[in-house]
Amino acid sequence: MTKNFSPARAVRGFTLVELMVAIAIGLFLSAVTGTVYLNSRNIFNYQDAMSRLQENARFAMERISRDVRMAGFSTCGSLGGSVANTVNGGTTNWWLNLGAPIMGFDNISTPPAMAPNAAPGTDAFYVLGVGGGDISVISHNAQAATIQTTQHSIKPGSILVITDCSQTSVFQMSGPTNTNNNATNINHNTGNTISPGNCNKELGASCPTAKAYTYLPGATVLQLSAASYFIAPSTNPNSGNSLWTCSLENQTGGTTACIEIINNVEDMQVQYGVDTDADQSVNAYLDAGVVTNWANVLSVRVNLLLATPPSAGNLSSKAQTYTFNSQLVTAQDRRVRRTYSSVINLRNRTK
């Protein structure tokens, strides 16, 4: 028996109701998938931004701590006091002010020389000490202004410290050229080949006084370390403020070089632990403006305020309220901010 075939029944599709249900289900699944994706992306962006924030804060504190701990330190003890400084401008350049190996500036209005373009209302400070790489003295010809040493890679123009624990002198290396990084002597002559240069070739007294002194074998030569820390506008567009440093490190031109260390550091506030009763322990933490004797500073408390970069977007669901330097502040945007604090002891002054 032959069955009747109906083409209309063979090509029957979805009804309008079925299509609407399918579209509704598809839209729902798309919305759920999109929401999960957006939430996952937001969580990733938040975690990534916070990780970078913490990493930047850790790096900043470690770098600051390294220099603060060594403030005023030489191989024999304290820099300052009877140190003979024969570098021209030793009493006017902050990075040669060995009489005050730590100095702070509070609530800046006019940027000091060690903190160019510093952001108003922020704090700044500098520290001086000696760097690593001790070089032993074999002999010293004071008249020829030549120190025979073990092999070294120091270049002319470097600011150096020489000490035998009874006398300490600061001078600028005038030679040799040391192109191959294997010199075995250091010169401390005068002349126009380096800047600012030495006021005389004697090492026994600070400028302008000239007093001969000969260092015996066993004395030590080190590089002078000087670094300032301050907050100033970033060179990167739309990045707000940054943490900056001006440092003598690797400099041979007789001045410091300023570099931007960390972006999106909005503020730095610093207090100084002062010993007021000569027992080598901190009695109070004071702002720089009320410290009367910097020789009594035993520690530094550094407070940093960091923010997530604008490129990370609005990571906070609402305007954030945070406490910085004992003050409650409400941010005007939805960037996330974190405060970081560290107390750093000056190793050469504490017990």
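Please refer to the structure higher up on the page.
Residues numbered from 1 in each chain as written. Predicted model: local features only at pLDDT ≥ 70, side-chain atom pairs only at ≥ 80, totals over all residues. Heavy atoms only, no water.

Looking only at helices and strands, one finds two helices and 19 strands in the chain. Per-residue burial for the chain yields a buried fraction of 43% across its 351 residues. Residue pairs at least 24 apart in sequence account for 63% of intrachain contacts in the chain once pairs closer than 6 positions are excluded. If you sum the accessible surface of the chain, you get close to 18,300 Å²; carbon and sulfur atoms cover 51% of it. (Helix = DSSP H or I, 4+ residues; strand = E, 2+ residues; numbered from the N terminus. Buried < 20%, exposed > 50% of the residue type's maximum accessible area, 1.4 Å probe, protein only. Contact = heavy atoms within 4.5 Å. Areas by Shrake-Rupley, 256 points an atom, 1.4 Å probe, with all protein chains shown as cover.)

Residue Pro 176 follows Gly 175 across a cis peptide bond; omega there is 0°. With respect to the helices and strands, Pro 176 occurs in the loop between strand 9 (168-172) and strand 10 (183-187). Phi angles above zero are rare outside glycine, and Cys 165 is one such case at about 75°. Along the polypeptide, Cys 165 turns up in the loop between strand 8 (159-163) and strand 9. Take Cys 165: its relative accessible area is 59%, and that puts it in the exposed class. Phi angles above zero are rare outside glycine, and Asn 178 is one such case at about 55°. Among the structural elements, Asn 178 can be located in the loop between strand 9 and strand 10.

A separate point is the sheet that holds strand 19 (residues 337-345). Spatially, four strands are ordered 15-14-16-19 in an open sheet, and the strand pairing comes out antiparallel. Each of the sheet's edge strands pairs with one partner strand only, and the pair in question is strand 15 (284-287) and strand 19. With direction set aside, neighbouring strand axes in the sheet form an average angle of 25°. With four bridges joining them, strand 14 (residues 265-274) and strand 15 adopt antiparallel strand pairing. Residue Gln 271 lies in a different strand from strand 15, and its bridge partner there is Asp 287. (Pairing = 2+ DSSP bridges. Axes fitted to C-alpha atoms, helices over the stretch in contact; angles between N-to-C directions.)

Below, the discussion takes up the pattern of salt bridges. A side chain of one charge can pair with a side chain of the opposite charge when the charged atoms of the two come close. The final tally for this structure, using the stated rule, is four salt bridges. Among the ionic pairs, Arg 335 bridges to Glu 266, the shortest N-O distance being 3.8 Å. Here Arg 335 is found in the loop between strand 18 (327-330) and strand 19, whereas its partner Glu 266 is found in strand 14, with 69 residues between them in sequence. Of the residues examined, Arg 335 reaches a relative accessible area of 13% and is grouped as buried. Among the ionic pairs, Glu 266 bridges to Arg 337, the shortest N-O distance being 2.9 Å. Pair noted here: Glu 266 is in strand 14 and Arg 337 is in strand 19, with a separation of 71 residues, a long-range link. Residue Arg 337 is classed as buried on the basis of its relative accessible area of 7%. In this structure, a network of salt bridges that share partners links the residues Glu 266, Asp 333, Arg 335 and Arg 337. (Salt bridge = Lys/Arg side-chain N within 4 Å of Asp/Glu carboxyl O.)

So, on to the state of the cysteines. Here is the idea: a disulfide is a covalent bond, and it sits between the sulfur atoms of two cysteines. Summed over the entire model, instances satisfying the criterion amount to two disulfides. The disulfide partner of Cys 199 is Cys 207, and the gap between their sulfur atoms is 1.9 Å. As the torsion about the S-S bond is roughly -95°, the Cys 199-Cys 207 disulfide counts as left-handed. With a relative accessible area of 24%, Cys 207 lands in the partly exposed category. Between the sulfur atoms of Cys 246 and its disulfide partner Cys 258 the distance amounts to 2.0 Å. On the sign convention where negative is left-handed, the bridge of Cys 246 and Cys 258, at about 100° about the S-S bond, is right-handed. On the criterion of sequence distance, the pair formed by Cys 246 in strand 12 (residues 241-247) and Cys 258 in strand 13 (residues 257-263) is long-range, its members being 12 residues apart. On the accessibility criterion, Cys 258 (35% relative accessible area) is partly exposed. (Disulfide = S-S within 2.5 Å.)

On to a nonpolar patch on the surface, then. Residues Val 17, Val 21, Ile 25, Phe 28, Leu 29 and Val 32 make up a contiguous nonpolar surface patch of roughly 570 Å² in combined accessible area. A relative accessible area of 37% means that Val 32 is categorised as partly exposed. (Patch = residues over 30% accessible without salt bridge, like charges linked within 9 Å, V, L, I, M, F, W, Y side chains within 5 Å.)

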